[in-house]
Amino acid sequence: MNDPAVTDCIFCRITRGELGTEFVAESEHNVAFRDLHPQAPVHVLIVPRQHIAALRDVGSGDWHVAADALSLAARVAAEYGLHDGGYRVITNDGPDAGQTVPHLHFHLLGGGKLQAGLG
Ligand code: 5GP
Ligand code: ZN
């Protein structure tokens, strides 16, 4: 673990359990925890255990990690009772999208009427 991008990455540290963050769910390749600054009544981050900087950086052999993340998002949504009202899953890739943490993650948002716009 000598890669500084991984050693210093806040989400790598969280997924390794170094910061004591409570996981609301886990799967083989991802963990789920509440966003520090929630933008909806339910705002959970789905984060791969391995360091992948953004969606564009998913390697050809690693798409099962992203699939596992989406599967976990749907499971967490069910556990939070969101399947009736609905929910949104998004990922920000790069500055135009407002990505602030350079470790792939999916936002699960729900628990109330969400803003209509996506852009
Ligand atoms: P981005 O803007 O990169 O798509 O999303 C990063 C998200 O991570 C933001 O919503 C921000 O609130 C959240 N975040 C950043 N640092 C931490 C942290 O240390 N703990 C938690 N739980 N969320 C964080
Ligand atoms: Zn990382």
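Residues numbered from 1 in each chain as written. Chains lettered and ligands numbered in written order. Predicted model: local features only at pLDDT ≥ 70, side-chain atom pairs only at ≥ 80, totals over all residues. Heavy atoms only, no water.

At 2.0 to 2.3 Å from the zinc ion (ligand 2) lie its protein donor atoms, namely C9 (SG), C12 (SG), H51 (ND1) and H103 (ND1). If you look at the zinc ion (ligand 2), its four donor atoms make angles of 102 to 117 degrees with each other, and the shape they trace is tetrahedral. In the primary sequence, the donor residues of the zinc ion (ligand 2) line up as C-x2-C-x38-H-x51-H. With H51 in the loop between β3 (42-48) and α3 (63-79) and H103 in the loop between β4 (87-90) and β5 (106-110), this residue pair connects regions lying 52 residues apart in the sequence. The class for H51 is partly exposed, based on a relative accessible area of 27%. Here H103 falls in the buried class, since its relative accessible area comes to 0%. (Donors = N, O, S within 2.8 Å, 3.2 Å for Na, K, Ca; no water. Tetrahedral: all angles 85-135°; square planar, octahedral: opposite > 155°, others 65-115°. Helix = DSSP H or I, 4+ residues; strand = E, 2+ residues; numbered from the N terminus. Buried < 20%, exposed > 50% of the residue type's maximum accessible area, 1.4 Å probe, protein only.)

Time to look at the site of ligand 1. Taken together, 16 residues sit near ligand 1, with R34, D35, N92, T100 and H107 positioned nearest. Protein burial of ligand 1: of its 520 Å² of free accessible surface, 84% is covered by the chains. Within the residue set of the shell around ligand 1, elements represented by two or more residues are α2 (10-15) and β2 (30-34). A total of three residues in the shell around ligand 1 trace back to one element, the largest contributor, which is α2. Class assignment of the residues belonging to the shell around ligand 1 gives a composition of seven nonpolar, seven polar and two charged. (Near = heavy atom within 4 Å. Areas by Shrake-Rupley, 256 points an atom, 1.4 Å probe, with all protein chains shown as cover. Nonpolar A, V, L, I, M, F, W, Y, C, P; charged D, E, K, R; others polar.)

Time to look at the packing of aromatic side chains. In this structure the tally under the stated criterion is two aromatic pairs. Centroid distance F11 to F33: 5.6 Å. Interplanar angle 80 degrees. Geometry classified as edge-to-face. Here F11 is found in helix α2, whereas its partner F33 is found in strand β2, with 22 residues between them in sequence. The exposure class assigned to F33 is buried, which follows from its relative accessible area of 3%. Look at F23 and F33: their rings are 6.4 Å apart centre to centre, the planes differ by 35 degrees, and that puts the pair in the tilted class. In this pair, F23 sits in the loop between α2 and β1 (25-26) while F33 sits in strand β2, placing the two residues 10 residues apart along the sequence. The partly exposed category is assigned to F23, whose relative accessible area is 22%. One aromatic cluster is present, built from ring pairs that chain together F11, F23 and F33. (Phe/Tyr/Trp six-rings, centres within 6.5 Å; stacked < 30°, edge-to-face > 60°.)

With five of five residues buried, β5 lies mostly within the body of the structure. With burial as the criterion, each face of β5 is covered, one bearing F106, L108 and G110 and the other bearing H107 and L109. Bridge count for β3 against β5 is five bridges, and the pairing is antiparallel. Bridge pairing links V44 to L108 in β5. By the bridge criterion, four bridges tie β4 to β5 in an arrangement that is antiparallel. Following the sheet pairing, I90 is matched in β5 by H107. (Pairing = 2+ DSSP bridges.)

Geometric descriptors of this kind do not, in isolation, establish any biological role.
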